[in-house]
Amino acid sequence: MYQTLRLILGDQLNYNHSCFSKVEPDVLYVLMEVRSETDYAMHHAQKVVGIFAAMFNFKNWLVKKGHRVHYIRINDKENKQTLEANLITLIKRYSIAKFEYFLPDEYRVDRELNLFSQGLSIKTGVIDTEHFFTTRLELQEFFGGKKYLMENFYRYIRKKHHILVLDNEPIGGKWNYDQENRRKYSGKESIPSVLKLEKNLIDILQEIEKAGVKTIGNAKAEAFNWPVTRKESLAVLKHFLVHSLQHFGTYQDAMVEDHAYLFHSRLSFALNLKMISPKEVIDAAIAYQAHHSTIITMPQLEGFVRQIIGWREYMRGIYWAKMPDFSMMNFFKHGNKLPQWYWTGATKMKCLQQSIQGSLENAYAHHIQRLMITGNFALLAGIDPQLVDEWYLGIYIDAFEWVEITNTRGMSQYADGGIVGSKPYVSSANYIDKMSNYCGKCYYDKKKRHGKAACPFNSLYWHFYNRHQPLLEKNPRIGMMYQTWKKMDQGEQSKILNQANEYLSKLDEL
Ligand code: FAD
Ligand code: DLZ
Ligand code: SF4
């Protein structure tokens with residue numbers, strides 16, 4: 001009979017965890033597909049399929065290694081559809097003497113399992129997931145009462161873990177090459193094709209459908225092309241190093257019509273499920289660059305490393321420092337409804353149509369589409385951050401609250417009043433046109449602020465600054481905007497504000 005029951009959640013598939021290196025005959029592992037996890041957001045179909053497939057493959061791997069595993073499928077008769085109810089059944093059935101779980105990354109589940117454990121009369125324990133560079137509270141301890149700054153935390157991690165660092169100084173001479181990156185796509189470098197992963201997911205799709213799980217996005221089995229094993233995750237990593245790293249930094253902010261991925265790595269899903277670790281990703285990138293330094297320059301490599309050990313660890317640290325308050329913040333008191341076309345992509349605005357259509361098709365949009373297209377518009381249009389969060393948490397394959405909410409409510413919506421960043425990320429058509437080829441093919445006119453077919457971003461941009469003047473005017477990074485606004489002719493100001501008000505009154509029609 002088993003002594004210990006150990007729960008593995010769907011985003012805890014760490015093949016290299018020390019627990020799995022030895023078989024403990026008295027441990028029973030459990031993985032479960034449950035409605036409490038499929039239904040807390042309206043997930044993209046590919047996200048649910050991807051997580052179930054990855055969980056099932058992980059179970060098979062554990063069994064092959066000799067571990068004992070209990071796997072509950074979504075339509076199993078015994079499935080009580082919540083983590084706790086299933087756990088209680090198993091604890092009774094196997095006369096379990098100890099319950100253990102891996103530290104969840106989501107506040108809600110962490111609390112649930114903590115309370116559940118406290119209510120048990122058997123022994124309980126928690127195990128670290130051995131995935132991140134930093135602990136949950138390391139950021140909070142590092143900054144103390146000071147303003148959080150990604151760059152400072154990033155340099156601290158680089159020094160502490162000796163990443164591109166020699167004698168406490170950055171290899172290459174600079175900590176950050178951001179200024180040399182971020183160009184518009186020139187059209188010269190060929191955009192690599194995506195690595196095709198062969199798989200058959202029809203059974204899982206049918207099971208999800210049979211269970212009645214409500215999903216969004218393209219649910220066709222042939223549309224799914226995400227890694228669901230460690231082997232596939234490593235193949236995606238290798239494909240990125242060989243084909244995309246050489247242009248990653250340069251074009252990390254570029255947007256090109258009909259190109260969903262450009263030079264991005266597509267690794268977030270594999271990373272967030274822990275099928276690969278941030279350490280092995282950056283070790284591989286550093287080693288690859290060292291052997292190919294003539295084609296992969298330091299700005300490309302550093303730009304990539306910064307995303308993984310800079311932004312990713314920073315967001316996680318903020319999550320654990322600021323939850324649960326973070327999830328209720330609404331600095332601008334925005335309360336508008338999310339336009340209907342966020343769920344269909346049916347808008348005349350080319351930039352939004354491309355970003356939303358791509359998201360529905362692939363469960364993916366790259367960073368700048370998420371930040372400067374869908375996020376930018378939602379902020380300018382004064383959408384309720386709760387609704388914005390729900391959309392992001394559902395639609396992206398890589399969306400788990402710890403990294404979704406900090407990016408959405410924090411970085412993109414500035415609903416945290418400046419915890420994650422130091423100013424709101426908003427722009428008019430000017431920036432979007434600078435970084436993409438969308439505007440030339442749009443119904444709207446990127447140059448017009450008002451009048452027939454004036455680009456909505458232009459008037460909403462000034463409306464945003466105007467309506468939030470009391471909150472933003474004193475921000476040293478924004479003051480300039482108000483000087484420009486004040487210098488503008490009053491007649492022009494009214495036309496812009498009237499145009500914005502007209503657009504705000506019919507968001508669904510844009
Ligand atoms: P690449 O561009 O190739 O970057 C490499 C890796 O760096 C990513 O896989 C990711 O692990 C990490 N990374 C890059 N930027 C960030 C960031 N800002 N925060 C944390 N990690 C980062 N990322 C998620 O993983 N889940 C989310 O739910 C999520 N929601 C977002 C919501 C908004 C509004 C914004 C602006 C960004 C969000 N991001 C999220 C961050 C980023 O957009 C994605 O990590 C990235 O697009 C994933 O694609 P990729 O793997 O090709 O990334
Ligand atoms: C996102 C998700 C979904 C859709 N389904 C499951 C599931 O059925 N079983 C499971 O263990 N995990 C699932 N997940 C991932 C969890 O939501 C995630 O583990 C928690 O949010 C903790 O980060
Ligand atoms: Fe987007 Fe405006 Fe450009 Fe159209 S003109 S693509 S709406 S920024």
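Here, the structure is the one placed above.
Bear in mind that the values here come from a model prediction, so they are computed numbers and not experimental data. (Residues numbered from 1 in each chain as written. Chains lettered and ligands numbered in written order. Predicted model: local features only at pLDDT ≥ 70, side-chain atom pairs only at ≥ 80, totals over all residues. Heavy atoms only, no water.)

Student: Before we move on, could you go through the site of ligand 3 and cite the residues and values that matter?
Tutor: Met 349, Lys 350, Cys 351, Ala 429, Ile 432, Tyr 438, Cys 439, Cys 442, Tyr 444, Lys 446, Cys 455 and Phe 457 make up every residue found near ligand 3. For the shell around ligand 3, the elements supplying multiple residues, two or more each, are helix H13 (350–362) and helix H17 (429–435). Taken together, the residues that form the shell around ligand 3 break down as ten nonpolar, no polar and two charged. (Near = heavy atom within 4 Å. Helix = DSSP H or I, 4+ residues; strand = E, 2+ residues; numbered from the N terminus. Nonpolar A, V, L, I, M, F, W, Y, C, P; charged D, E, K, R; others polar.)

Student: Now, about the nonpolar core: what can you tell me, with residues and values included?
Tutor: Of all hydrophobic cores here, the largest spans 147 residues; its most connected members are Tyr 314, Leu 352 and Phe 377. Among the elements that line this core, the one with the most residues is helix H12 (residues 298–322), at twelve residues. If you look at the next biggest cluster of nonpolar residues, it comprises 21 residues, including Leu 5, Leu 28, Leu 83 and Ile 96. (Core = buried A, V, L, I, M, F, W, Y, C linked by side-chain atoms within 4.5 Å. Buried < 20%, exposed > 50% of the residue type's maximum accessible area, 1.4 Å probe, protein only.)

Student: Could you give me a rundown of the sheet that holds strand E3 (residues 68–72), with the residues and numbers involved?
Tutor: Here five strands make up an open sheet; going across it, the order is E3-E2-E1-E4-E5 and the pairing parallel. What marks the edges here is a single partner per strand, and that holds for E3 and strand E5 (123–127). The sheet shows a mean angle of 25 degrees between the axes of neighbouring strands, direction not considered. Direction of pairing for strand E1 (residues 4–7) relative to strand E4 (residues 98–102): parallel, over a ladder of four bridges. By the bridge assignment for E4, Leu 7 is matched with Tyr 101. The sheet contacts of helix H3 (residues 83–93) involve E1, strand E2 (27–32), E3 and E4, and relative to E2 the element is tilted by about 150 degrees. Sitting on the sheet, helix H4 (residues 107–118) touches E1, E4 and E5, and the angle it makes with E4 is about 170 degrees. (Pairing = 2+ DSSP bridges. Axes fitted to C-alpha atoms, helices over the stretch in contact; angles between N-to-C directions. Contact = heavy atoms within 4.5 Å.)

Student: Outline the site of ligand 2, supporting the account with residue identities and numerical values.
Tutor: In the vicinity of ligand 2 there are 16 residues, among which Asp 11, Met 32, Val 34, Glu 37 and Glu 106 approach most closely. Contacts to ligand 2 include Met 32, whose backbone N or O atom sits 2.7 Å from a nitrogen atom. Contact between ligand 2 and Tyr 40: an oxygen atom at 3.0 Å from a side-chain N or O atom of the residue. Calculation on ligand 2 without its partners gives an accessible area of 490 Å², and the protein chains cover 99% of this total. Within the residue set of the shell around ligand 2, elements represented by two or more residues are helix H1 (35–38), helix H2 (45–64) and H4. (Polar contact = N/O pair within 3.5 Å; in protein donor to acceptor, adjacent residues only side chain to side chain. Areas by Shrake-Rupley, 256 points an atom, 1.4 Å probe, with all protein chains shown as cover.)

Student: Quick rundown of the pattern of salt bridges? Include the residues and the values.
Tutor: Applying the stated criterion across every chain, the model contains 28 salt bridges. A salt bridge links Arg 182 to Asp 253, with the nearest nitrogen and oxygen atoms 2.5 Å apart. With Arg 182 in the loop between strand E7 (169–170) and helix H7 (202–211) and Asp 253 in the loop between helix H9 (245–248) and helix H10 (268–272), this residue pair connects regions lying 71 residues apart in the sequence. Assessed through its relative accessible area of 31%, Arg 182 is described here as partly exposed. Close ionic contact of Lys 279 with Asp 283 constitutes a salt bridge, the shortest N to O distance being 2.8 Å. Of this pair, Lys 279 and Asp 283 both sit in helix H11 (residues 278–291), four residues apart, which is roughly one turn of the helix. (Salt bridge = Lys/Arg side-chain N within 4 Å of Asp/Glu carboxyl O.)

Student: Just give me the short version of the side chain of Asn 272, but keep the residues and values in it.
Tutor: For Asn 272, the position within the fold is in helix H10. Engagement of the side chain of Asn 272 in a polar contact is seen with the backbone oxygen of Asp 398, the distance being 2.8 Å. With residues near it in sequence (within four places) discarded, Asn 272 still touches Asp 11, Arg 312, Asp 398, Phe 400, Trp 402 and Val 403.

Student: Please give an account of the environment of Ile 286 that cites residues and values.
Tutor: One can find Ile 286 in helix H11. We classify Ile 286 as partly exposed; its relative accessible area is 23%. With sequence-adjacent residues up to four places away left out, Ile 286 is seen in contact with Ile 163, Leu 164, Leu 301 and Val 305.

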